[in-house]
Amino acid sequence: MLVSIFLAIALAQGVPMAVQSQDIIDRIDRVVSAGLMNKDASGNFNAEGLVSRADLAMILVKTFGLERRKTAQKPDRELPDVPKSYWAYSAIQTALKTGTMSGYRDGMFFPNQRVTRAEALAIFAQAYGVFQFPEPSISEILAKYPDAGDIPSWARKSMATALYEGFVNVDLATNKINPLKPMTRWDMAYALSKYLERQVRPTSLPVPAEQPPDRGVGR
């Protein structure tokens, strides 16, 4: 199953399968070894599986240690659709209390709702720390991608950070970022593997012709 996934991705992106497949395997193994995502009992990663809001909350807590933030010590919120017995209850509470994720109307969280690439990558970038790019720099970064106009307005700054940091697995054949497509487990593993690389080898300062923007804390 994984081989067919790797072949499909390699052919779609115009990259030799041997190179693409090994890169995917290495990135997934790095993320799993770091304890940020898991394989199932059979050892399958399910790269084409979709990421839910509950999945995202769990990944964010593990990646950024959100439980250590001062605001995580606030009292739990009442969530009609997330009982205490829910598998990701603690992670969801932490994501909400730290402001990393937001709820919906009537106090609902919708834990099983799938997230788009724009939603997941923007929230990931906010938890990481959004670069405070001026608007001209945001427009310059996004102008490289033909479908950047599909990014929701609220996510533009965060997506600019995610793209600058290399967290987005851009389609190599079309240079599209596909912001409205569902976020897959492979998309998430790619972002996480790039984040792990950044911890060892920080990125250079953005926009060298200007003062480097501050990197604000996640929302």
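As a reminder, the structure under discussion sits directly above these lines.
Presented here is a report on the structure given in the accompanying data block. (Residues numbered from 1 in each chain as written. Predicted model: local features only at pLDDT ≥ 70, side-chain atom pairs only at ≥ 80, totals over all residues. Heavy atoms only, no water.)

### Here's the deal with the overall build of the protein chain
Stage number 1. Within the protein chain, the regular secondary structure consists of eight helices and zero strands.
Stage number 2. Order of helices (α) and strands (β) in the protein chain, N terminus to C terminus: α-α-α-α-α-α-α-α.
Stage number 3. Relative to its 219 residues, the protein chain shows a buried fraction of 50%.
Stage number 4. Restricting the contact set of the protein chain to residue pairs at least 6 apart, pairs at least 24 apart contribute 75%.
Stage number 5. Total accessible area computed for the protein chain in this model is approximately 10900 Å², and 54% of it derives from carbon and sulfur atoms. (Helix = DSSP H or I, 4+ residues; strand = E, 2+ residues; numbered from the N terminus. Buried < 20%, exposed > 50% of the residue type's maximum accessible area, 1.4 Å probe, protein only. Contact = heavy atoms within 4.5 Å. Areas by Shrake-Rupley, 256 points an atom, 1.4 Å probe, with all protein chains shown as cover.)

### A few points about the packing of helix H3 (residues 53-64) against helix H4 (residues 89-97)
Between two packed helices, the angle of one axis relative to the other and the distance separating the axes together describe the packing.
Stage number 1. One way to put it is that H3 packs onto H4 with a least axis distance of 8 Å and a crossing angle of 75°. Taken together, the axes of H3 and H4 are roughly perpendicular relative to one another. Together, Ala54, Ala57, Met58 and Val61 of H3 and Ala91, Ile92, Thr94 and Ala95 of H4 make up the contact between the two elements.
Stage number 2. Taken together, the residues that form the contact of H3 with H4 break down as seven nonpolar, one polar and no charged. (Axes fitted to C-alpha atoms, helices over the stretch in contact; angles between N-to-C directions. Parallel < 35°, antiparallel > 145°, perpendicular 65-115°, else oblique. Nonpolar A, V, L, I, M, F, W, Y, C, P; charged D, E, K, R; others polar.)

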